[in-house]
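Structure at a glance
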Amino acid sequence: MTTPETTADALPEEVVAAVRGARRVLVLSGAGMSAESGVPTFRDAQTGLWEEFDPAQLATAEAWQEDPPFVWGWYAWRMHLVRGVDPNAGHRALAELGRLREVAISTQNVDDLHERAGSDVAAHVHGSLFALRCADCGVPYAQEVDLPSEPQERLTPPECPACGGHVRPGVVWFGEMLPEADVAATESAIDALEPGDVALVVGTSGIVFPAAGYPAMARAEGATVIEINPLETDISDMCHHVVRGTAAEVLPALVAAVRDADR
Ligand code: OAD
């Protein structure tokens, strides 16, 4: 199966018509959604985090058990990075779309940029950087933490006031279960889709499961699946439409076209 590709400056009529005709829009976003805010993706050549850092040393439960300060130093820097950036025009366009259609967002991103743009997020399937909790007793940790402006070789994690354990970021590491409530919220948003609805798949390489399976599940419900991504991905071929452009270019143009057509 090959999917017709178009570029952002030539947003195809069928894509606008599909979103315009939808009652519900499911947004499945990945790291590319936040790239133009200045948050690096994981796998982009040269700029992706996994080009410079080793996920096995930083993003696994084993890595944490081995050396909490090593892992904490990296996540504390990422928290600092995210705190210092703003939602981009793509996030803002999706917030506007939420006022025009029923929108559910399920993101793999651990940042809070959709929320800061004004969207309700149904699910953070890979957790949230800022949802700190004790790694031992699980109690949430709400106190302010020191955030370094550069990746640290090692930084002692805060101590849990309840049990003295180490506080960890609220992200999902490789080998861990996804948060049940977020998976359930995503699955029910997919179940709610009907023929004529749309799934917008924005800025994900479609490599990490189960999130990489959500576009196909949306398609099976009869939704029109539209990928927005400057590059081909593992899921491009299963999409009905592919728009080759960035989130901050394509989404504002798409939402403006839907808004204008609604008038
Ligand atoms: P990846 O880094 O794997 O893929 C990012 C995708 O975004 C690529 O397909 C890029 O082409 C695309 N992209 C880059 N810039 C873009 C832009 N400005 N607009 C739109 N798209 C753009 O990121 P994810 O697919 O989100 O998991 O990665 C999935 C998971 O792997 C992450 O959630 C993380 C990582 O390991 C965990 O931490 C558990």
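Residues take numbers from 1 onward in each chain, read along the sequence in its written order. Given that the model is predicted, a residue must reach a pLDDT of at least 70 before its local features are reported, and side-chain atom pairs must reach 80 or more before they are shown or counted; all residues, however, enter totals for whole chains, interfaces and linings. Each side-chain value is derived from all of the structure's non-hydrogen atoms; neither hydrogens nor water enter the calculation.

Now for the nonpolar core. Side chains of a nonpolar character, in soluble globular proteins, are inclined to be buried together. With 30 residues, the main nonpolar core has Trp-74 and Tyr-75 as its most contacted residues. We call two residues in contact when some of their heavy atoms are within 4.5 Å. Ignoring anything within four residues of it in the chain, the contact list for Trp-74 reads Leu-49, Trp-50, Phe-53, Leu-58, Pro-151 and Gln-152. We define the nonpolar core as a collection of buried residues of types Ala, Val, Leu, Ile, Met, Phe, Trp, Tyr and Cys that are connected through side-chain atoms lying within 4.5 Å of one another. A simple rule labels every residue: compare its accessible area, found with a 1.4 Å probe on the protein chains alone, to the largest value its type can have, and call it buried under 20%, exposed over 50%, or partly exposed in between. Grouped together as the second largest cluster of nonpolar side chains are 25 residues, Val-25, Leu-94, Ile-228 and Val-258 included.

Taking 1.5 Å per residue, 12 residues should reach 16 Å; helix α7 (residues 89-100) reaches 17 Å between its end C-alpha atoms and fits that length. Each helix is a run of DSSP H or I of at least 4 residues and each strand a run of E of at least 2, with the numbering of both proceeding from the N terminus. Within α7, the full set of buried residues consists of Gly-90, His-91, Ala-93, Leu-94, Ala-95, Glu-96 and Leu-97. As used in this structure description, the phrase polar contact means that two N or O atoms lie within 3.5 Å; if the pair is within protein, one of them must be able to donate a hydrogen and the other to accept it, and residues adjacent in sequence are counted only when both atoms belong to side chains. Near the N-terminus of α7, the side chain that reaches the backbone nitrogen of Gly-90, with its oxygen 2.7 Å away, is that of Asn-88. Under the convention used throughout, the expected extent of a helix is 1.5 Å for every residue step, that is, one less than its residue count.

Put simply, an interface is often sized by how much accessible area is lost when its parts join up. The domain architecture assigned to the chain consists of domain 1 (1-38 + 87-126 + 178-263) and domain 2 (40-84 + 127-171). With 17 residues of domain 1 at the interface, the matching set in domain 2 holds 15 residues. When domain 1 packs against domain 2, close to 990 Å² is buried across both sides, 58% of that on carbon and sulfur atoms. For any pair of parts, buried area is found by adding up, for both, the accessible area (1.4 Å probe) each one loses once the two are put together. Three residues, Ala-31, Gly-38 and Val-110, lead the burial of domain 1 against domain 2; their summed loss comes to 41% of the area buried on that side. When a carboxyl oxygen of Asp or Glu lies within 4 Å of a side-chain nitrogen of Lys or Arg, that pair is called a salt bridge. Linking domain 1 to domain 2 there are 0 salt bridges. Summed over the shared surface of domain 1 and domain 2, the result is 3 residue pairs in polar contact (both at pLDDT 80 or more). Each residue is assigned to one of three groups, with Ala, Val, Leu, Ile, Met, Phe, Trp, Tyr, Cys and Pro labelled nonpolar, Asp, Glu, Lys and Arg labelled charged, and all others, Gly among them, labelled polar. Along the lines of polarity and charge, the residues of the side of domain 1 that touches domain 2 split into 8 nonpolar, 6 polar and 3 charged. What fixes the domain bounds is an automatic or database domain assignment.

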